[in-house]
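# Understanding the architecture of this molecule
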Number of protein chains: 2
Amino acid sequence: MYTLYSMQRSGNSYKVRLALARLGIPYTLVEVDTLQGESRTPEFLAKNPNGQIPLLEVAPNRYLAESNAIPWYVAGGTTLAPEDRIERAEALQWMFFEQHSVIPNIGVAFFWLALIKGGRDLQQHALDDWMEKGYRALGVMEMHLAKNPYFVANRFTIADIALYAYTHVADQCDFELTRFPAVRDWLGRVAAEPGYVAMDWQPERLAAAQ
Amino acid sequence: MYTLYSMQRSGNSYKVRLALARLGIPYTLVEVDTLQGESRTPEFLAKNPNGQIPLLEVAPNRYLAESNAIPWYVAGGTTLAPEDRIERAEALQWMFFEQHSVIPNIGVAFFWLALIKGGRDLQQHALDDWMEKGYRALGVMEMHLAKNPYFVANRFTIADIALYAYTHVADQCDFELTRFPAVRDWLGRVAAEPGYVAMDWQPERLAAAQ
């Protein structure tokens, strides 16, 4: 059975949890609090020298890192992972787009504004830039989703999972989604997929703890 | 025949040129100067709404973006693209690592320090952060390459191409590679691959033009 090293409030970890749930694959969950340095201990660095979660133990002492790579492994051979050559490349295109156009703006805004008490004051200088670039990314997604029900291959795939993770909490960190109706419809379609699980990042409990 | 929209001095564009050269695939090259706004014209945005190069026209009016996705398409079915499920995921792991740990530090430093006249003064405030994170990424690569000749599957793949693009010019933007002997040996192995082409970004000519 897989062991997944994950942090509940991490959108990147959620991608893997959502893929495993959708596929009905059981796994052992190990919670790693990166804010407490738990991904920088010698023990964890021996598993992943880059010191990041999520991390999946795919076989005894064989570890796979990266939130957008792990789903290609666990979903390999299922309809969630497009194997057609052009569809595979298009899925990857959107997953790399997620890495450089969604995470550094919407993902980082979610971290500082929704998860970290006092984060808004600490990052005041960066907010305008996150908003501008995050809205630009949402605009690119809107254009595509206005003409397609999903990102690739006209069906739900791991590209949707990758983009859903931070987009579905964008409204928790100042982004206004009303002007992106196709994105909102797509968010609804993903949430209606069989096997869907919520991210369950529990803002009330997190806020109280910090 | 493919048409590749590329910028000569872009490491991301170089990844695709190197993959196509290694595979002996002919293509039509269209030079796009992003610094002159040529990737933000209405004509270009109609091809790639995200306004970035490289961009490959894979069939009439069908475009594929992202420097780390395009190689999966052009190399699909060859030994350059690992198809084994775990090896494919490991190749992707390293390509996503390249996106968030190499590009924003070594890639961005190369842009400002090697390509843009006066860039060092403009970005003085960011240099220490690029150096620290860039060296950390080189350290992760060194650990892996000290035990493996290539990043994945014990052979040259598109994961090596992705990581080579900016690592091989790191010494052009302040990074000192003497303390990374395994990385240097690997750089030499990549440059000795059949079909290798140099990035040919011509610093003298660029500097004179700016």
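Residues numbered from 1 in each chain as written. Chains lettered and ligands numbered in written order. Predicted model: local features only at pLDDT ≥ 70, side-chain atom pairs only at ≥ 80, totals over all residues. Heavy atoms only, no water.

### Here's the deal with helix α7 (residues 158-167) of chain B
Under the convention used in this document: The rule is simple: take the accessible area with a 1.4 Å probe, protein chains only, and divide by the maximum for that residue type; under 20% is buried, over 50% is exposed, in between is partly exposed. Counting from the N terminus, the helices are the DSSP runs of H or I reaching at least four residues and the strands are the DSSP runs of E reaching at least two. Contact criterion: two residues are considered in contact whenever any of their non-hydrogen atoms come within 4.5 Å of each other.
Of all ten residues in α7 of chain B, ten are buried; the element is thus mostly enclosed. Buried residues along α7 of chain B sit in contact with α1 (11-23), α3 (70-74), α4 (85-115), α6 (127-145) and α8 (181-191) of chain B.

### A few points about the interface of chain A and chain B
Here is the rule: By buried area we mean the combined loss of accessible area, with a 1.4 Å probe, across both parts when two parts are placed together. When a carboxyl oxygen of Asp or Glu is within 4 Å of a side-chain nitrogen of Lys or Arg, the pair counts as a salt bridge.
On the side of chain B, 34 residues touch chain A, which itself brings 34 residues to the contact. Approximately 3100 Å² of surface area, both sides summed, lies buried where chain A meets chain B, with 60% of it carried by carbon and sulfur atoms. Broken down residue by residue, the surface that chain A buries against chain B is led by R85, R88 and F96 of chain A, which jointly contribute 21%. At the junction of chain A with chain B, the criterion picks out four salt bridges.

### Here we look at the domain arrangement of chain A
All names here are of chain A. This is how the line gets drawn: All the domain ranges listed were derived from an automatic or database domain assignment. Definition of a polar contact: a pair of N or O atoms within 3.5 Å, with one able to donate and the other able to accept a hydrogen when the atoms are protein atoms, and with sequence-neighbouring residues admitted only if both atoms are side-chain atoms. When residues are grouped by polarity, Ala, Val, Leu, Ile, Met, Phe, Trp, Tyr, Cys and Pro land in nonpolar, Asp, Glu, Lys and Arg in charged, and all others, Gly among them, in polar.
Here chain A is described as being made up of domain 1 (2-78 + 196-207) and domain 2 (85-191). Put simply, the middle of domain 1 and the middle of domain 2, counted by C-alpha atoms, are 20 Å apart. Taken together, the 20 residues of domain 1 in the interface contact 25 residues of domain 2. Interface area for domain 1 against domain 2, summed over the two sides, is near 1900 Å², with a carbon-plus-sulfur share of 72%. Area buried by domain 1 at its contact with domain 2 is led by W72, Y196 and W201, which between them contribute 33% of it. For the pair domain 1 and domain 2, the interface holds one salt bridge. As a salt-bridge pair, K15 and E98 come within 3.0 Å of each other at their nearest N and O atoms. For the pair domain 1 and domain 2, the interface holds six residue pairs in polar contact (both at pLDDT 80 or more). At the level of secondary structure, the elements contributing two or more residues to the side of domain 1 that touches domain 2 comprise α1 (11-23), α3 (70-74) and α9 (203-209). Among the elements that line the side of domain 1 that touches domain 2, the one with the most residues is α1, at seven residues. Its residues assigned to classes, the side of domain 1 that touches domain 2 comprises twelve nonpolar, five polar and three charged.

### Re the sheet that holds strand β1 (residues 2-6) of chain B
Quick reminder of the rule: DSSP-based pairing: two strands are paired if at least 2 bridges between them are found. Every axis in this analysis is a line fitted to C-alpha atoms, fitted for helices over the stretch in contact. Angles between the N-to-C directions lie between 0 and 180 degrees.
In spatial order, the strands read β2-β1-β3-β4 (chain B); together these four strands make up an open sheet with mixed pairing. The open sheet is flanked by β2 (27-31) and β4 (62-65) of chain B, the only strands paired with a single partner. The average undirected angle you get between the axes of adjacent strands in this sheet is 25 degrees. Inspection of the sheet shows strand β3 (residues 55-59) of chain B paired to β4 of chain B by four bridges, in the antiparallel sense. Across the sheet, the residue bridging to A59 of chain B is R62 of chain B, located in β4 of chain B. The sheet contacts of helix α4 (residues 85-115) of chain A involve β1, β3 and β4 of chain B, and relative to β4 of chain B the element is tilted by about 50 degrees. Contacts from α1 of chain B reach β1 and β2 of chain B within the one sheet, and its direction differs from that of β1 of chain B by about 150 degrees.

### Considerations on the packing of aromatic side chains
This is how the line gets drawn: Here a pair means two rings of Phe, Tyr or Trp (six-membered ring of Trp) with centres within 6.5 Å. Their orientation is stacked below 30 degrees between planes, edge-to-face above 60, and tilted elsewhere. Any Lys NZ or Arg CZ found within 6 Å of a ring centre and within 35 degrees of that ring's normal is scored as a charge over the ring.
Using the criterion set out here, one finds 31 aromatic pairs over all chains in the structure. Judged by centre distance (4.1 Å) and plane angle (15 degrees), the ring pair of F96 of chain A and F96 of chain B falls under stacked. Of this pair, F96 of chain A sits in helix α4 while F96 of chain B sits in helix α4, each in a different chain. Taking the relative accessible area as the measure of exposure, F96 of chain B reaches 0% and is therefore buried. Of the aromatic side chains, those joined through ring pairs into one cluster are Y14, W94, F97, F151, Y164, W186 and Y196 of chain A. The positively charged end of R85 of chain B is found above the aromatic ring belonging to Y73 of chain A, 4.3 Å away from the centroid.

### A short note on the environment of N148 of chain B
Residue and element names in this part refer to chain B. Examined against the element boundaries, N148 turns out to sit in the loop between α6 and α7. A C-alpha to C-alpha distance of 17 Å links N148 and E98, two positions 50 residues apart in sequence. When near neighbours in sequence (up to four residues on either side) are disregarded, N148 contacts N154 and R189. From its side chain, N148 meets the backbone oxygen of H144 in a polar contact 2.8 Å long.

### Notes on the pattern of salt bridges
Overall, the coordinates contain 16 salt bridges over all chains when judged by the stated rule. R62 of chain B serves as the salt-bridge partner of E90 of chain A, at 2.9 Å between the closest nitrogen and oxygen. Taken together, the residues E90 of chain A in helix α4 and R62 of chain B in strand β4 connect one chain to another. A relative accessible area of 16% places E90 of chain A in the buried class. Residue D33 of chain B pairs with R9 of chain B through a salt bridge whose shortest N-O separation is 3.6 Å. With D33 of chain B in the loop between β2 and α2 (42-47) and R9 of chain B in the loop between β1 and α1, the pair connects residues that are 24 residues apart, well separated along the chain. Each of the two residues, D33 of chain B as well as R9 of chain B, counts as buried.

### So, the side chain of D160 of chain A
Here is the rule we go by: In this tally, Lys and Arg are treated as positive and Asp and Glu as negative; His is ignored, and so are the chain termini.
Counting through the fold element by element, D160 of chain A comes out in helix α7 (residues 158-167). We note that D160 of chain A is buried and unpaired, the nearest opposite charge coming from R189 of chain A at a distance of 7.6 Å.

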